[in-house]
Amino acid sequence: MKCLKWGVIGPGSVAQRRAMPAIQKAENAELHAILSRDIDRGQRLAQEYGAEIPYTDTEAFLADPQLDAVYIATPVFLHKEQAVAAAQKGLHVLCDKPLSLNPSQSQKILDACQANNVHLQICFLFRFHSCFQQIRQWLQEKRFGTIVHARMPFMKHAPKDSNDWHIDPAKSGGGSIMDLGAHSIDLFRWLLGEVTAVSAFCSSFIFQHPVEETGLVMLRFENGAQAVTETSFSGQLSAQILEIYGTSGSVVVYNDNGWKIKTTIDDQTEIIDAQFEDLFQSQFEHFGRCVEGQESPIVVGLDGLRNNQIISAAYRSATSKKVVDLEN
Ligand SMILES: NC(=O)c1ccc[n+]([C@@H]2O[C@H](COP(=O)([O-])OP(=O)(O)OC[C@H]3O[C@@H](n4cnc5c(N)ncnc54)[C@H](OP(=O)(O)O)[C@@H]3O)[C@@H](O)[C@H]2O)c1
């Protein structure tokens, strides 16, 4: 099995907590290079995470002949420029979510990856959890009948500093909907199908951030189902993870000292424990197998583009106070 040589662009919080340790653990990945704006930081992190070369110069990093793929974990406003530049050098791209600031930027990433025949994957990690893979299979088998409604609250009480890029709309593209809702909206699309209409509320009355701290996004799906996701940087963590209701049953994922999956079908209830899984490791290993043609992609560039289209529609709805229709 080929071991992909990875370069990490933006060795910040998620790269350090999740991605670089996952590359170290993955059976078909090797951390080759780190691109940081700060050479001391780059050197320190390269040593800590076992990368061969710390770079500060983007051109030199992208021209490294040993590099196979890049993982992009910079603020969202940099994703388009970095993903396109990597693709143009023939490097495969794993981009953290959201793919970019807006659909037009994401389309450019898709075009560049297609033109240069490189693999593009977005860190929509829920798709890699066996719990959600099981639920997706149950939905395909119509175990709960026809799905009518789903819900996913995603809250983190996480006040941001005034200079944090997450709350600068030019750098983040939005607040909790872009940051947390990107995940829940992707999971809904993966489980329930394409979205045809979006309606949303946004508010920021706790920390007065210039992007929405709290968001409410309602989605209508092609198959008639509806879903709602509630996102927040100011609300406390919710024990509910996901709820799906069908004509003959329901499935609820909740946190009670670990994730539990509760299914109810015709008044019969069953509770299954879900184990902790390193979703970052799974996505890196899957990425490598996709590049080698050993697996079909679980996440493709179009998923990142559609995600941006839905989130952009949510912001238009919140501003206009109208439901926004989507074309697929
Ligand atoms: N999939 C997930 O579960 C998950 C979780 C958290 C975040 N994310 C996503 O991952 C990406 C990074 O998020 P994060 O929370 O890791 O951010 P972060 O801690 O701020 O790290 C971003 C890194 O990018 C580099 N950078 C380059 N130019 C920058 C600039 N102009 N301003 C700030 N940083 C710059 C910095 O590294 P140097 O100083 O070394 O250059 C910085 O440490 C975002 O797209 C975010 O949505 C995904």
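Refer to the structure printed above.
Calculation notes
Residues numbered from 1 in each chain as written. Predicted model: local features only at pLDDT ≥ 70, side-chain atom pairs only at ≥ 80, totals over all residues. Helix = DSSP H or I, 4+ residues; strand = E, 2+ residues; numbered from the N terminus. Rg over C-alpha atoms; globule rule 2.2 N^0.38 Å. Buried ≥ 20, exposed ≤ 12 C-beta atoms within 10 Å, placed from the backbone. Contact = placed C-beta atoms within 7 Å. Near = placed C-beta within 6 Å. Nonpolar A, V, L, I, M, F, W, Y, C, P; charged D, E, K, R; others polar. Core = buried A, V, L, I, M, F, W, Y, C linked by C-beta atoms within 7 Å. Pairing = 2+ DSSP bridges. Axes fitted to C-alpha atoms, helices over the stretch in contact; angles between N-to-C directions. Arc of directions from axis to C-beta. Bend = angle between axes of the 7 residues up to and from the residue. Parallel < 35°, antiparallel > 145°, perpendicular 65-115°, else oblique.

Peer 1: Hey, could you run me through the overall build of the protein in this one?
Peer 2: Scanning the protein for helices and strands turns up ten helices and 15 strands. In terms of overall dimensions, the protein is globule-like: its C-alpha atoms have a radius of gyration of 20 Å, near the 20 Å expected for 328 residues. Taken along its principal axes, the extent of the C-alpha atoms in the protein is 60 × 45 × 40 Å. When the 328 residues of the protein are sorted by exposure, 46% land in the buried category. Residue pairs at least 24 apart in sequence account for 67% of intrachain contacts in the protein once pairs closer than 6 positions are excluded.

Peer 1: Quick question: what am I supposed to make of the site of the ligand here?
Peer 2: In the vicinity of the ligand lie 21 residues, with G10, G12, S13, S36 and D96 positioned nearest. If one sorts the elements of the shell around the ligand by residue count, helix 1 (residues 13-25) sits on top with three residues. By residue class, the composition of the shell around the ligand is ten nonpolar, five polar and six charged.

Peer 1: Which parts of the structure should I look at to understand the environment of L78?
Peer 2: With respect to the element layout, L78 can be found in the loop between strand 4 (69-72) and helix 4 (79-88). Sequence spacing of L78 and K171 is 93 residues, and the spatial spacing of their C-alpha atoms is 7.9 Å.

Peer 1: Quick question: what am I supposed to make of the nonpolar core here?
Peer 2: In globular proteins that are soluble, nonpolar side chains generally tend to be buried together. Counting residues in hydrophobic clusters, the biggest one holds 50 residues, and the most contacted among them are V8, A19, I23, L91 and V93. Aside from chain neighbours lying at most four places away, what touches L91 is L62, L67, D68, A69, V70, A86 and V118. Of all hydrophobic cores here, the second largest spans 41 residues; its members include F154, C202, L216 and L219.

Peer 1: Explanation requested: the sheet that holds strand 7 (residues 147-155) in the structure shown.
Peer 2: Strand pairing within a sheet occurs via backbone hydrogen bonds; the two strands may be parallel or antiparallel. Spatial ordering of the open sheet is given by 14-13-12-11-7-10-9-8-15, a layout of nine strands whose pairing is mixed. Strand pairing shows two members of the sheet lacking a second neighbour, strand 14 (268-273) and strand 15 (324-325), which therefore form its edges. Relative to strand 9 (residues 214-221), strand 8 (residues 195-203) is paired through eight bridges, and the arrangement is antiparallel. Looking at strand 9, one finds that A200 is bridged to V217. Across the sheet, helix 6 (residues 130-140) is in contact with strand 7, strand 12 (249-255) and strand 13 (259-265); its angle to strand 12 comes to roughly 175 degrees.

Peer 1: Explanation requested: helix 6 in the structure shown.
Peer 2: Side chains of residues three or four places apart in an α-helix project in the same direction, reflecting 3.6 residues per turn. Listed as buried for helix 6 are C131, F132, I135 and L139. Angular distribution of buried residues about the axis of helix 6 spans 90 degrees; they occupy a single face of the element. With respect to the buried face of helix 6, the exposed residues turned more than 90 degrees away are S130, Q137 and Q140. The secondary structure elements touched by the buried residues of helix 6 are strand 7, helix 8 (176-192), strand 12 and strand 13. Once helix 6 finishes, K142 follows within two positions and takes phi at roughly 60 degrees, a positive value.

Peer 1: Looking at this structure, how should I read helix 8?
Peer 2: A182 marks where helix 8 bends most, by close to 45 degrees. A large share of helix 8 lies buried, amounting to 15 of its 17 residues. Looking one or two residues past helix 8, G193 carries a phi angle of roughly 105 degrees, positive in sign.

Peer 1: Could you clarify how one ought to interpret the sheet that holds strand 3 (residues 53-55) in this entry?
Peer 2: The six strands are arranged 3-2-1-4-5-6 in an open sheet whose pairing can be described as parallel. Bordering the open sheet on either side are strand 3 and strand 6 (120-122), each of which pairs with just one other strand. If you compare each strand with its neighbour and ignore which way they point, the axes differ by 25 degrees on average. Where strand 2 (residues 29-35) lies against strand 3, three bridges are found, and the strand directions are parallel. The residue bridging I34 from the neighbouring strand is P54, located in strand 3.

Peer 1: Explain the environment of T231 here, please?
Peer 2: Tracing the chain through its elements places T231 in strand 10 (residues 226-232). With 31 C-beta atoms packed within 10 Å, T231 lands in the buried category. Counting along the chain gives 16 residues from T231 to G215, while the straight-line C-alpha distance between them is 5.0 Å. Those residues in contact with T231, other than ones at most four positions away along the chain, are F154, S176, I177, L180, G181, T214 and G215.

Peer 1: Explain the packing of helix 6 against helix 8 to me, please; I cannot follow it from the model alone.
Peer 2: In a pair of packed helices, the angle between the axes and the distance between the axes together describe the arrangement. Their axes nearest at 9 Å, the elements helix 6 and helix 8 cross at an angle of 35 degrees. Two secondary-structure elements touch here, helix 6 through F132, I135, R136 and L139 and helix 8 through L187, W190 and L191. Residues belonging to the contact of helix 6 with helix 8 are distributed by class as follows: six nonpolar, no polar and one charged.

Peer 1: What exactly am I supposed to notice about the packing of helix 5 (residues 103-115) against helix 10 (residues 301-320) here?
Peer 2: In the contact formed by helix 5 and helix 10, the axes pass within 9 Å of each other and the chain directions differ by 170 degrees. Overall, the two elements helix 5 and helix 10 adopt an arrangement that is roughly antiparallel. Contacts between helix 5 and helix 10 involve P103, S106, Q107, I109, L110 and C113 from the former and G301, L302, G304, L305, N308, Q309 and S312 from the latter. A class-by-class count of the residues in the contact of helix 5 with helix 10 yields six nonpolar, seven polar and no charged.

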